[in-house]
Amino acid sequence: MTVTEAPSGQKIRILLAKLGLDGHDRGIKVVARALRDAGMEVIYTGLRQTPEAVVRAAAEEDVQFIGISLLSGAHMTLVPKVLELMKKEGLDKEIDVFLGGIIPNEDAEVLMQQGVVKVFGPGTPLEQTAEFIQDRFKTKAA
Amino acid sequence: MMDNQTSNLSDQDLTLVEQFRQGSRRALARVISRIDNGEDPGPWLEALEKPGVSTTPRVIGITGPPGAGKSSLIGCMIPAIRKRNLSVAVLAVDPESPFTGGAILGDRIRMGRHTLDDSGVYIRSLSSRGSAGGLSRSTRSVCRILAAFGFDLILLETVGAGQAELSVMDAADLVLLVLVPGTGDSIQWEKAGQVEIADVFALNKADLPGIDALESALRSAIDTGFFAPCPSERDSPEAHKPKRITLSSAKHSIWDGPPPVVRTIGNEGVGIEALLDKLQAGLKLMTENPNPWRSPVRRRLRAGLEEEFERRMRVMNHDQERMEALAEQVRSGACSLEQAIDQAWDVLHKINA
């Protein structure tokens, strides 16, 4: 996996979280390791996070990306809450939100219209995820 | 000199400075990122530090072997600290992958339970990127930034695995060493030099077997200045040789007597109040009866000098021609090694930024 050489020593920082009561964290841990191997700093905040906790952590840790994994079906309730809180804190222009897990296509479209940048469905190759993030980072840095 | 540094900040940066002064946590996070990314902290410190604040002892370094339960302990300490009406910032420094430079910073998980809606708590994860020297300097600067922002206490957590992590403790005013029973009878922490730097000891997971043996070995080492071999080592061939370890040797100790040892159970919150009492007592002693060896300013001076020396050494080492010329002089007998070192020293002296 390619390591990103960011300009002026800046590293890619991404927060990974699981929202709601879904207790399956193997997938997100695999993603965390893959992104670490791609040279990123991964702030892993663990299971059962609330939208408030995620947005607050993202602000404190000054990340460029948030990756949320949901397998419980609660995405249409929880993700808009995250987006709303980010707008309230003025973070929506600065931090990209990605989703992973089980998100039906129609819901994915709706959420992307609300501000989610990308939904990585199950089976997305890890390299693809890492490269997408690295490309987005270059665009944001420019 | 002062104006010179601040004028290195762009207009955008000055907006950030203003927001920081207004108490914006977002601005705080961004300034920390700038320093963490390797920017010269000088102009930021110049612009943000209030005189006197950053020299008040308030940084508690928390170290210990992996698996000691430091993060969980901190997770319990945070609400207890808040109950004492103090604001607290936590800096969690995690190791970085030596191959890719990436890191998984997961200490937040165990710490963040109590922090929602509480602006009296701030948690930040840093990875130990770059050289030991670089990490040390940026960690020290970030601690000063957190003090400037107004946090009463700063907890600096790092894994006490080696020299790099140990140098992070240069940023701490007071050092808490967290140990657990059963992590190797040979007690490697003694060799890593961590014991000498500790002001307070927390014996965590005190509900596990071996806790009594750990405490008595530690106390006896503290009391006698000798290392007491652990039960399983008594039969080893080395057991009869006393190893002199000076724990909290007199001139560096802040205490009038042996350093405190507190039993804790991080997962259950047992012993936390007693631990906080000792930590606060230590900081109070440092503030009111300052031991000149431990003053924050003395420490920064020393650390800064060491880093400056290392930086100049790196510049020297890069100068292949000169180094080779010196080496050749020694080989050929034109001068002695000591004379060559004197010459090199003259050059080192003249290297500047």
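Definitions and limits used
Residues numbered from 1 in each chain as written. Chains lettered and ligands numbered in written order. Predicted model: local features only at pLDDT ≥ 70, side-chain atom pairs only at ≥ 80, totals over all residues. Heavy atoms only, no water. Helix = DSSP H or I, 4+ residues; strand = E, 2+ residues; numbered from the N terminus. Buried < 20%, exposed > 50% of the residue type's maximum accessible area, 1.4 Å probe, protein only. Areas by Shrake-Rupley, 256 points an atom, 1.4 Å probe, with all protein chains shown as cover. Contact = heavy atoms within 4.5 Å. pLDDT = per-residue confidence, 0-100. Pairing = 2+ DSSP bridges. Axes fitted to C-alpha atoms, helices over the stretch in contact; angles between N-to-C directions. Buried area = accessible area lost by both parts, 1.4 Å probe. Salt bridge = Lys/Arg side-chain N within 4 Å of Asp/Glu carboxyl O. Polar contact = N/O pair within 3.5 Å; in protein donor to acceptor, adjacent residues only side chain to side chain. Nonpolar A, V, L, I, M, F, W, Y, C, P; charged D, E, K, R; others polar. Core = buried A, V, L, I, M, F, W, Y, C linked by side-chain atoms within 4.5 Å. Parallel < 35°, antiparallel > 145°, perpendicular 65-115°, else oblique. Left-handed = near helix turned anticlockwise from the far one by under 90°.

### What to know about the overall build of chain B
Step number 1: Secondary structure assignment for chain B yields 14 helices and eight strands.
Step number 2: Expressed as a percentage of the 353 residues in chain B, the buried residues total 51%.
Step number 3: Within the structure as shown, chain B displays about 17000 Å² of accessible surface, and the carbon and sulfur contribution to it stands at 53%.

### Some details on the side chain of Thr129 of chain A
All names here are of chain A.
Step number 1: Residue position: Thr129 is located in helix α5 (residues 126–141).
Step number 2: In this structure Thr129 comes out as buried when scored by relative accessible area, which is 10%.
Step number 3: With residues near it in sequence (within four places) discarded, Thr129 still touches Phe120 and Thr124.

### Details of the confidence of the model for chain A
Step number 1: On average, residues of chain A carry a pLDDT of 89, and 94% of them reach 70 or more.
Step number 2: Contacts from residues 1–8 of chain A, a stretch scored under 50 in pLDDT, to residues over four places away or in other chains number 18 contacts.

### Examining the sheet that holds strand β2 (residues 88–94) of chain B
Sheets are built from strands that pair by backbone hydrogen bonding, the pairs being arranged parallel or antiparallel.
Residues and elements named next belong to chain B.
Step number 1: Taken together, seven strands build an open sheet; the order of strands is β4-β2-β5-β1-β6-β7-β8 and the sheet is parallel. On the outer flanks of this sheet lie β4 (121–127) and β8 (261–263), each paired with one strand and no other. Strand-to-strand, the axes of this sheet are offset by a mean angle of 20 degrees, without reference to chain direction.
Step number 2: Where helix α5 (residues 70–83) meets the sheet, it contacts β1 (59–63), β2, β4, β5 (153–158), β6 (174–179) and β7 (200–203), and its direction lies at approximately 175 degrees from that of β5.

### Regarding the sheet that holds strand β2 (residues 41–44) of chain A
Step number 1: The strand order across the open sheet built from six strands is β5(A)-β4(A)-β3(A)-β1(A)-β2(A)-β3(B), with neighbouring strands paired in parallel fashion. Unpaired on one side and paired on the other, β5 (118–120) of chain A together with β3 (103–105) of chain B mark the two borders of the sheet. Adjacent strand axes in the sheet meet at a mean angle of 25 degrees when their direction is disregarded.
Step number 2: Two strands pair when backbone bridges link them, and strand β3 (residues 65–70) of chain A and strand β4 (residues 96–101) of chain A are joined in this way by six bridges, in the parallel orientation. Looking across to β4 of chain A, one finds that Ser69 of chain A is bridged to Gly100 of chain A.
Step number 3: Helix α2 (residues 51–61) of chain A contacts β1 (13–18), β2 and β3 of chain A of the sheet and is inclined by roughly 165 degrees relative to β1 of chain A.
Step number 4: Where helix α3 (residues 75–88) of chain A meets the sheet, its contacts fall on β3 and β4 of chain A, and the angle it forms with β3 of chain A comes to roughly 165 degrees.

### Details of the interface of chain B and chain A
Step number 1: Listed by partner, the interface residues are 29 residues for chain B and 30 residues for chain A.
Step number 2: Between chain B and chain A, the buried area comes to about 2300 Å², and carbon and sulfur atoms account for 45% of it.
Step number 3: Here chain B is connected to chain A by six salt bridges.
Step number 4: Between Arg25 of chain B and Glu60 of chain A there is a salt bridge, with its nearest N and O atoms 2.4 Å apart.
Step number 5: For the pair chain B and chain A, the interface holds 16 residue pairs in polar contact (both at pLDDT 80 or more).
Step number 6: Listing elements by their share of the side of chain B that touches chain A, those giving two or more residues are α3 (25–36), β3, α6 (108–111) and β4 of chain B.
Step number 7: In terms of residue class, the side of chain B that touches chain A is built from nine nonpolar, 10 polar and 10 charged.
Step number 8: In terms of strand pairing, β2 of chain A meets β3 of chain B through three bridges, oriented parallel. Across the sheet, residue Glu41 of chain A finds its bridge partner in β3 of chain B, namely Ala103 of chain B.

### Details of the pattern of salt bridges
Step number 1: Going through the model one piece at a time under the given rule, you end up with 34 salt bridges over all chains.
Step number 2: The closest approach of N and O atoms between Asp319 of chain B and Arg322 of chain B, which form a salt bridge, is 3.3 Å.
Step number 3: Residues participating in the shared-partner salt-bridge network are Arg13, Glu41 and Glu61 of chain A together with Arg124 of chain B.

### Remarks on the nonpolar core
Residue and element names in this part refer to chain B.
Step number 1: If you look at the biggest cluster of nonpolar residues, it comprises 35 residues, and the most contacted ones within it are Phe20, Leu28, Trp44, Ile145, Leu146 and Leu156.
Step number 2: Looking at this core, the elements with two or more residues in it are α2 (11–21), α3, α4 (42–48), β2, β4, α7 (132–149) and β5.
Step number 3: Broken down by element, the residue count for this core peaks at seven residues, all from α7.
Step number 4: Not counting the four nearest positions on each side in its chain, Trp44 is found in contact with Leu9, Asp13, Leu16, Val17, Val31, Arg34, Ile35, Glu39 and Ile145.
Step number 5: Judged by nonpolar contacts, the second largest core, of 34 residues, contains Ile62, Ile78, Leu155 and Ala202.

### Some words on the pairing of β5 of chain B
Along any regular strand, the residues point their side chains to alternate faces of the sheet.
Residues and elements named next belong to chain B.
Step number 1: Counted residue by residue, β5 has six buried out of six residues, so it is predominantly covered.
Step number 2: Residue alternation in β5 divides its side chains into two sets, Leu153, Leu155 and Glu157 and Ile154, Leu156 and Thr158, and both sets are buried.
Step number 3: Relative to β5, β1 is paired through four bridges, and the arrangement is parallel. Across the sheet, Ile62 pairs through a bridge with Glu157, a residue of β5.
Step number 4: Judged from the six bridges that link them, β2 and β5 form a sheet pairing that is parallel. Among the inter-strand pairings, Val93 is bridged to a residue of β5, identified as Thr158.

### A word on the pairing of β2 of chain B
All names here are of chain B.
Step number 1: When you tally the buried positions in β2, you get seven out of seven residues, the bulk of the element.
Step number 2: Burial of the side chains of β2 extends over both faces: Val88, Val90, Ala92 and Asp94 are buried on one face and Ala89, Leu91 and Val93 on the other.
Step number 3: Examined bridge by bridge, β2 and β4 share seven bridges and lie parallel to one another. When the bridges of β4 are listed, Val88 appears paired with Val121.

### A word on the packing of helix α12 (residues 296–318) of chain B against helix α14 (residues 337–350) of chain B
Residues and elements named next belong to chain B.
Step number 1: α14 packs onto α12 with a crossing angle of 115 degrees between their chain directions and a minimal axis gap of 10 Å. Relative to α14, α12 is oriented roughly perpendicular. In the packing of α12 onto α14, the handedness of the crossing is right-handed. On the side of α12, the interface is formed by Phe309, Arg312, Met313 and Met316, while α14 contributes Ala344, Trp345, Val347, Leu348, His349 and Lys350.
Step number 2: Its residues assigned to classes, the contact of α12 with α14 comprises seven nonpolar, one polar and two charged.

### Here's the deal with unusual backbone geometry
All names here are of chain A.
Step number 1: One non-glycine residue, Arg48, lies in positive phi territory at about 55 degrees.
Step number 2: In this structure Arg48 comes out as exposed when scored by relative accessible area, which is 51%.
Step number 3: One non-glycine residue with positive phi stands out, namely Asp62, at about 50 degrees.
Step number 4: Relative to the assigned elements, Asp62 resides in the loop between α2 and β3.

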